[in-house]
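# Structure at a glance
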Amino acid sequence: MQTMPAHAAHHNDREIESLDEFDATISARGTLAGFRVQAVDLTDRTRELLATDTAGAVFLGCPMREDAAAKVRADGAMVFPPVPDLPFNPYRGLLYSPDELFAGLAKGYEETLDARAYAWFQQTKADRDILASMLRAIHDDAVSDALDELLRDTRVVGVMGGHAMGRGTEAYAGAARLGRELTRAGLTVATGGGPGAMEAANLGAYAAPLDDEMLTESLRLLAAAPKFTPSITDWAAAAFEVRTRWPRGGTSVGIPTWFYGHEPPSPFASHIAKYFANATREDGLLARSTAGVVFLPGAAGTVQEIFDSATPNYYESRGEPTPMVLVDRAHWTEKLPTWPLLRSLARERSMESRIALVDRIEEAPDALKRLGG
C-alpha cells in the first residue's frame, strides 16, 4: 500500500519548516543565506542567528528575540513577523491534522481552531479589511505549498460527492468501501474534506491497513451521530471515538474550505488542506487528482466539480485528460442530467475514452482502471 512521502525529503531544499531542519541546516551548511524559514519558533536560537549569515533569507512568521531580528534585518534578510491574535498561522509550513483543527472539542466545537478560524473569516469578510484578505491569501498559498510537498510522486485519486449523505446509510458505507479499495490499490485518496460522501471516502482510506471488521464496526459506531446537524460536537466526537479505538489508520487528504465553514472538516483525513478561498481549493483539488476522479451523487457543488474537471480535460491544458467516473446512472442522467452534456462535450476528443458512467459504487475502481487511472 502506498504511503505518503517523507515530508522533509520532498520539499524545496531552501525551505526550513521545523526546528530540527533549522538546526540540521546550520550544522550542515553553516549559513542561512537565501533560505526560507517558515513558522519556526526561533526565540531559543538567538545565539545561532547572531552567529550565522542570513543575507537574502526570509523569515515568515518566526518568533525571535529583538536583537536577533535586528541582526538578521541588518544582514539583508526579510522578516515577516507573527501576526498577534489570529486563530490560525498564515505562514504555516505543514498541512493541518484533525487533532489540530478539532483541538478543544471536549469544551464544544465552538472552542476549536476550526470554528474560531471560521468566525474570524465571517467577521473580517464583512469588514472588507485589506490586511485580513492579504492574510487569507498568504495562508492559502502556504497551504498549497505544503500540499504540493506532501503529494509529490504520489498517485492521487479524487473522490467527490455531497455533504448530505448520512452516516448509517448504505450509500455512506459504499463510499467508505470505495475509499478503502482505492487506498489498498496504492492510490492516495483526496476528497473535498467535508462530511457526507467526502468523510466516508476518508474513513475508507483510514480503514485500509486494518482488518475488514474495523470498517463494519466503525460504521455502526458512527451511525449514532448520522449528521453534523444539530451538533457538530457530537458528530465529531463519534469520529474521534473511532480514531481512538483504532489509532493506526491509513493516510488520505481532505481539502475543505472555510467558505463553507458551516460544514466541519472530515476527521478521518490524515492531512487537511483547509482554504479560505473556495476557488483556489476547488481548482487545486482537481488539478492534483492525477489518477482520476470519482463523482458520487451530489448537488450543485459536485456538478461544478464535474465541469471544473471536464474543462482542462477538454482543452488538454494539463496534458493528457484524466479519468472521470460518474456513479449512479439515475442521479446523473435524470435527477441532474450532467452525463449527457459531459458526453456531448467529450465527443471526438481525446477525453471521450476517459469518461464513464456506472450504476453502482462497487464498479468505480474497475472503471478507473479501464480508463487508465
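Throughout this description, residue numbers start from 1 for each chain and increase along the sequence as written. With pLDDT at 70 or above as the cut-off, local features in this predicted model cover only qualifying residues; side-chain atom pairs require 80 or more to be listed or tallied, and sums for whole chains, interfaces and linings still use all residues. Remark: hydrogens and water are excluded; side-chain values derive from all non-hydrogen atoms of the structure.

### Here's the deal with the overall build of the protein
Helical segments are the DSSP runs of H or I of at least four residues, strand segments are the runs of E of at least two, and each set is numbered from the N terminus. Along the protein, the regular secondary structure elements total 16 helices and eleven strands. C-alpha atoms define the radius of gyration, and 2.2 Å times the number of residues to the power 0.38 defines the globule rule. Taken over the C-alpha trace, the protein has a radius of gyration of 22 Å; the compact-globule value for 373 residues is 21 Å, and the two agree within 12%. Projected onto its principal axes, the C-alpha positions of the protein cover 65 × 50 × 45 Å. Remark: exposure states derive from per-residue accessible area (1.4 Å probe, protein chains only) relative to the maximum for the residue type, with buried under 20%, exposed over 50%, and partly exposed in between. Looking at the 373 residues of the protein, the share that counts as buried comes to 54%. Contacts are assigned to residue pairs that have any heavy atoms within 4.5 Å of one another. Considering only contacts within the protein whose residues lie at least 6 apart along the sequence, 63% involve residues at least 24 apart. Accessible area of the protein: about 16200 Å², with a carbon and sulfur share of 52%. Charge assignment: positive for Lys and Arg, negative for Asp and Glu; neither His nor the chain ends contribute. For this purpose, a charge sits on NZ of Lys, CZ of Arg, CG of Asp or CD of Glu. Side-chain charges in the protein split into 38 positive and 51 negative, and the spacing between the mean points of these groups amounts to 2 Å. Methods summary: accessible areas were calculated by the Shrake-Rupley approach with a probe of 1.4 Å, and residue burial reflects only the protein chains presented.

### A few points about the pattern of salt bridges
The working definition used for a salt bridge is a side-chain nitrogen of Lys or Arg within 4 Å of a carboxyl oxygen of Asp or Glu. Per the counting criterion, the structure on display carries 22 salt bridges. Here Asp99 ties to Arg243 by a salt bridge, and the two come within 3.8 Å at their closest N and O atoms. Of this pair, Asp99 sits in helix α5 (residues 98-101) while Arg243 sits in helix α11 (residues 232-245); the two residues are 144 residues apart in sequence, bridging distant segments of the chain. Judged by its relative accessible area of 48%, Asp99 falls in the partly exposed class. Using a relative accessible area of 16% as the deciding quantity, one classes Arg243 as buried. As a salt-bridge pair, Glu320 and Arg354 come within 2.7 Å of each other at their nearest N and O atoms. Taken together, the positions of Glu320 in the loop between α13 (300-315) and β10 (324-327) and Arg354 in the loop between α15 (338-346) and β11 (355-358) put the pair 34 residues apart, joining distant regions of the chain.

### Considering the nonpolar core
Grouped together as the largest cluster of nonpolar side chains are 42 residues, with contacts concentrated most on Leu296 and Val325. Listing elements by their share of this core, those giving two or more residues are β5 (156-160), α8 (170-184), α9 (197-207), α10 (212-222), α11, β10, β11 and α16 (364-370). Element by element, the count of residues in this core is highest for α9, at seven residues. Here Val325 is in contact with Val293, Val294, Phe295, Ala356, Val358, Ala364, Ala367, Leu368 and Leu371, once residues within four sequence places are set aside. Residues enter a nonpolar core if they are buried and are Ala, Val, Leu, Ile, Met, Phe, Trp, Tyr or Cys, with the set joined through side-chain atoms within 4.5 Å. Among the nonpolar cores identified, the runner-up in size contains 28 residues, and Met160, Tyr275, Ile355 and Leu357 belong to it.

### Some words on the confidence of the model for the protein
On average, residues of the protein carry a pLDDT of 95, and 97% of them reach 70 or more. Below pLDDT 50 for its whole length, residues 5-10 participates in 14 contacts with residues either more than four positions away or in separate chains. Known as pLDDT, the predictor's confidence for each residue is given on a scale from 0 to 100.

### Let's talk about α11
The span you would expect from a helix comes to 1.5 Å times its residue count less one. In a regular helix each residue adds 1.5 Å, so 14 residues correspond to 20 Å; α11 covers 20 Å between its end C-alpha atoms and thus fits that length. Every buried residue of α11 is accounted for by Ile232, Trp235, Ala236, Ala238, Ala239, Phe240, Val242 and Arg243. Buried residues along α11 sit against α5, α9 and α10.

### Thoughts on the pairing of β10
Neither face of β10 is left uncovered, since the one carrying Met324 and Leu326 and the one carrying Val325 and Val327 both have all their residues buried. One requirement defines pairing of two strands: DSSP has to find at least two bridges between them. Looking at chain direction, strand β9 (residues 293-295) and β10 are connected through three bridges and run parallel. Pairing of Val294 across the sheet is with Val325, part of β10. In this fold, the crossover linking β9 to β10 by way of α13 has right-handed handedness. As defined by bridge partners, β10 adjoins β11 across four bridges and the pair is classed as parallel. Bridge assignment links Val327 to a residue of β11, and that residue is Val358. A right-handed crossover is one whose linking path, passing over the helix from the first strand to the second, runs clockwise when the strands point away from the viewer.

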